[in-house]
Amino acid sequence: MGLLQTRIGDVVLENPVMPASGTFGVEMTEVFDLDRLGALVLKTVTPDKRRGNPVPRVCELPGGMMNSIGIPSKGASYLIEETLPLLERFSAPVVVSVSASSAEDFAAFAHRLDGCGIAAIEVNISCPNIEDDGRAFALSETATADVIGRMRRATSLPLWAKLSPAASDIAAIARAAEGAGADAIVSTNTLLGMAVDPLTGRFRLGNVMGGLSGPLLKPVALRATYQCVRAVTIPVIGCGGIASVDDILEYLMVGARAVQVGTASFLEPAIMPRLVDELADTLRARGLETVEQLIGTVKAADETIELAELV
Amino acid sequence: MDLVAANIVQESNSDFPIRQAQLPVLENRPVNSEYRQLTVAADAAMTACVPGQFFHLRCPVRDGVAPFFRRPMSIYGFDRQKGTLSFLYKLAGTGTRALAGLSSGDFLDVVGPLGQGFSAAPGCRHALIVARGVGLATLAPLAEALVRQSIRVTAICSARTPDVLMSVDLFRAWGVEVITVTDDAGTSSVESLEALIAGLVEIDGVDRFYTCGSTRLLRLLQRLGERFAIGGEVALEQQMACGFGACQSCVRPFYRNGAAVNLRVCHEGPVFDLQEVL
């Protein structure tokens, strides 16, 4: 294995840095060489065309943002006939993120993607903007198992289940996904939130609620990632608030085998290739030969004094 | 410079035309009580832009905080010989107030050039620019480019009061015929402008419209464009997150290829055909 190579099941990534779904598209060929990335994760596509939510679709916060974009989608046929051919010239594995309104539709879509030359399907069961009042499949163990299980029987492609930080017991959801045949866990999607402009008294997002992302989400998503790593044996991909190489190190140390970078690309469009270079420099500076040597190496906190039971 | 030549320069620029750089601030001065002009030093790749395109500016930290998003800002001027790029902005919110704190010797973090600029206008003999407020900033480099192509240009500059009228001297220095209208003088209403513009078409041979910065002016020019069969373009504004087409935040509805479609102001625009805008 090369210095930065990592594996997500049978999928070999040249490096552990990939875009988070929804923050990346073919447009980025104008910014950097897409083969610098570990994988190309596309914006979520639904089987049929979807409009998306009203504007304003984003709002900024101290240290992050919210979006209520809501998966505008040109549908499965457009993906297969128009989008995927544009990515054929890149050697980085292509991961298609999918969503649908029922487990049956998820499965039918997965079946259709079999043989399209993609490396994996990311199963977006956790978008807070698409389901009624923020309810998502990934908040329920049975719904998660139903979607993943039906998709497992419909396709031979690797399935990456993208979970929600809003799940009250994300470890149980991760186990349900693993038990139903998921090949990897992506932890996590955005967290449902809300903002009001106190001067105008108006909601700041057209769809009222939206998904929180950016550096302010990182502690929540890192915690969720760690809980998933402890719960399952399949690989976990960390996602949430990554904006520096130190952030990547944190995710790798708690056991993520790869990471996704999303919101940070809005502020620095070429941040992903920069982080790949910085990760290589950091590994070398620490005398490490593979990124593998860093994964899951987190240790207990510094303070180890055992406190008296009663004070 | 002309629009077509500028496009060719941009295409030959590099495989990755969208770049990020920290550009030295040369000047950041008030233009009037509400507007400021920010000028930075820029290399050939950054000035390989066309009128109507924009840059995404990172607002500096002010009072310990910086706005999270970048701010899209249309190009007010660029000079490839001198290596300068300038922006005209109105002090409005946290982003522009933070920009106002920059001074000579500081650096401005920019991403760009972004979006589709104004297209070439073959056969155009007399262009009319109608703009209000900061919309004038977007149309200024267009006016200069049109004049250099020996196209006659008339500009209707609209503002609330005479003291915040902008770019009038600049436009006149380039040879643009300027008509000023203000709310104070009661000359900026849609009715007054409609009669004024109809006269410019019928008597002075205006054969192309350009506008930016006002929905009322856009609707007026759409109506007059249909009435006189005159084409044109509009530069639109919309809140953005990424600025390069990935996030789908800045969509607006347009009529294109026989159907209503949502297009990204940052990527398919910010310049659109006048009649496409719904």
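As shown above, the structure is provided for reference.
Rules used throughout
- Residues numbered from 1 in each chain as written.
- Chains lettered and ligands numbered in written order.
- Predicted model: local features only at pLDDT ≥ 70, side-chain atom pairs only at ≥ 80, totals over all residues.
- Heavy atoms only, no water.
- Helix = DSSP H or I, 4+ residues; strand = E, 2+ residues; numbered from the N terminus.
- Rg over C-alpha atoms; globule rule 2.2 N^0.38 Å.
- Contact = heavy atoms within 4.5 Å.
- Areas by Shrake-Rupley, 256 points an atom, 1.4 Å probe, with all protein chains shown as cover.
- Lys, Arg positive; Asp, Glu negative; His and termini not counted.
- Charge placed at Lys NZ, Arg CZ, Asp CG, Glu CD.
- Buried area = accessible area lost by both parts, 1.4 Å probe.
- Polar contact = N/O pair within 3.5 Å; in protein donor to acceptor, adjacent residues only side chain to side chain.
- Nonpolar A, V, L, I, M, F, W, Y, C, P; charged D, E, K, R; others polar.
- Salt bridge = Lys/Arg side-chain N within 4 Å of Asp/Glu carboxyl O.
- Phe/Tyr/Trp six-rings, centres within 6.5 Å; stacked < 30°, edge-to-face > 60°.
- Buried < 20%, exposed > 50% of the residue type's maximum accessible area, 1.4 Å probe, protein only.
- 1 Å grid on protein atoms, 1.4 Å probe; cavity = no way out; pocket = protein on both sides within 12 Å on 5 of 7 lines; lining within 4 Å.
- Points joined across faces, edges and corners; volume = space filled by probe spheres on them.
- Expected span 1.5 Å × (residues − 1).

Asker: How do you make sense of the overall build of chain B when you look at a structure like this?
Answerer: Within chain B, the secondary structure is distributed over six helices and 15 strands. For a compact globule of 278 residues, the expected C-alpha radius of gyration is about 19 Å, and chain B comes in at 18 Å, within 12% of that figure. Taking the principal axes of the C-alpha coordinates as reference, chain B spans close to 55 × 40 × 35 Å. Across chain B, the fraction of contacts at a sequence separation of at least 24, relative to all contacts at a separation of at least 6, is 67%. By element, 49% of the accessible surface of chain B is carried by carbon and sulfur atoms, the whole surface being about 11300 Å². When the 25 basic and 27 acidic side-chain charges of chain B are each reduced to a single mean position, those positions are 4 Å apart.

Asker: Hey, could you run me through the interface of chain A and chain B in this one?
Answerer: For an interface, size is often stated in terms of accessible area lost upon the parts coming together. Counting residues at the interface gives 32 residues for chain A and 26 residues for chain B. Buried surface at the junction of chain A and chain B, summed over both partners, amounts to about 2400 Å²; 62% is from carbon and sulfur atoms. The largest share of the area that chain A buries against chain B comes from Glu30, Glu60 and Leu267 of chain A, three residues that together contribute 29% of it. Counting the contacts that link chain A with chain B gives eight residue pairs in polar contact (both at pLDDT 80 or more). For the side of chain A that touches chain B, the elements supplying multiple residues, two or more each, are β5 (58-61), β6 (64-67) and α7 (264-267) of chain A. With four residues, the single largest contributor to the side of chain A that touches chain B is β5 of chain A. By residue class, the composition of the side of chain A that touches chain B is 16 nonpolar, eight polar and eight charged.

Asker: Any chance you could explain the pattern of salt bridges here in plain terms?
Answerer: It is possible for side chains bearing opposite charge to pair when their charged atoms get close. The final tally for this structure, using the stated rule, is 26 salt bridges over all chains. Residues Arg257 of chain A and Glu292 of chain A are paired through a salt bridge, measuring 2.7 Å at the closest nitrogen-oxygen approach. With Arg257 of chain A in the loop between α6 (245-253) and β16 (258-261) and Glu292 of chain A in the segment after α8 (271-285), this pair connects stretches of sequence that are 35 residues apart. Salt bridges linked by common partners bring Glu27 of chain A together with Arg264 and Glu268 of chain B together as one network.

Asker: Just checking my understanding: could you explain the packing of aromatic side chains for this structure?
Answerer: Working definition: an aromatic ring pair is given by the centre-to-centre distance plus the angle between the planes. All names here are of chain B. Here the structure, examined in full by the defined rule, presents six aromatic pairs over all chains. Measuring from ring centre to ring centre gives 6.0 Å for Phe68 and Phe69, while their planes differ by 55°; the resulting arrangement is tilted. For the pair shown, Phe68 and Phe69 are each scored as buried.

Asker: Hey, could you run me through the layout of surface pockets in this one?
Answerer: Over the atoms, a rolled probe matching the size of one water molecule traces out where space is still vacant. Empty space within the second largest pocket amounts to approximately 1200 Å³. Pro72, Ser73, Lys74 and Tyr78 of chain A together with Gln248 of chain B are the residues nearest the centre of the second largest pocket, which is lined by 33 residues in total. Where the lining of the second largest pocket is concerned, the elements lending two or more residues are α1 (76-86) of chain A together with β13 (251-256) and β14 (259-264) of chain B. In terms of residue class, the lining of the second largest pocket is made up of 14 nonpolar, nine polar and ten charged.

Asker: What's the story with helix α5 (residues 218-231) of chain A in this structure? I'm lost.
Answerer: Each α-helix turn comprises 3.6 residues. Residues three or four places apart therefore point the same way. All names here are of chain A. Taking 1.5 Å per residue, 14 residues should reach 20 Å; α5 reaches 20 Å between its end C-alpha atoms and fits that length. Of the residues making up α5, those classed as buried are Lys218, Ala221, Leu222, Ala224, Thr225, Cys228 and Ala231. Residues of α5 that are buried in the fold lie against α4 (170-179), β10 (184-187), β15 (236-239) and α6.

Asker: Explanation requested: empty space enclosed by the protein in the structure shown.
Answerer: All names here are of chain A. Counted under the stated rule, the structure contains one cavity of 30 Å³ or more. Forming the boundary of the largest cavity are 35 residues, of which Ser21, Thr23, Asn67, Asn189 and Thr190 lie nearest the centre. Listing elements by their share of the lining of the largest cavity, those giving two or more residues are β6, β16 and α7. Residue composition of the lining of the largest cavity, by class: 15 nonpolar, 18 polar and two charged.

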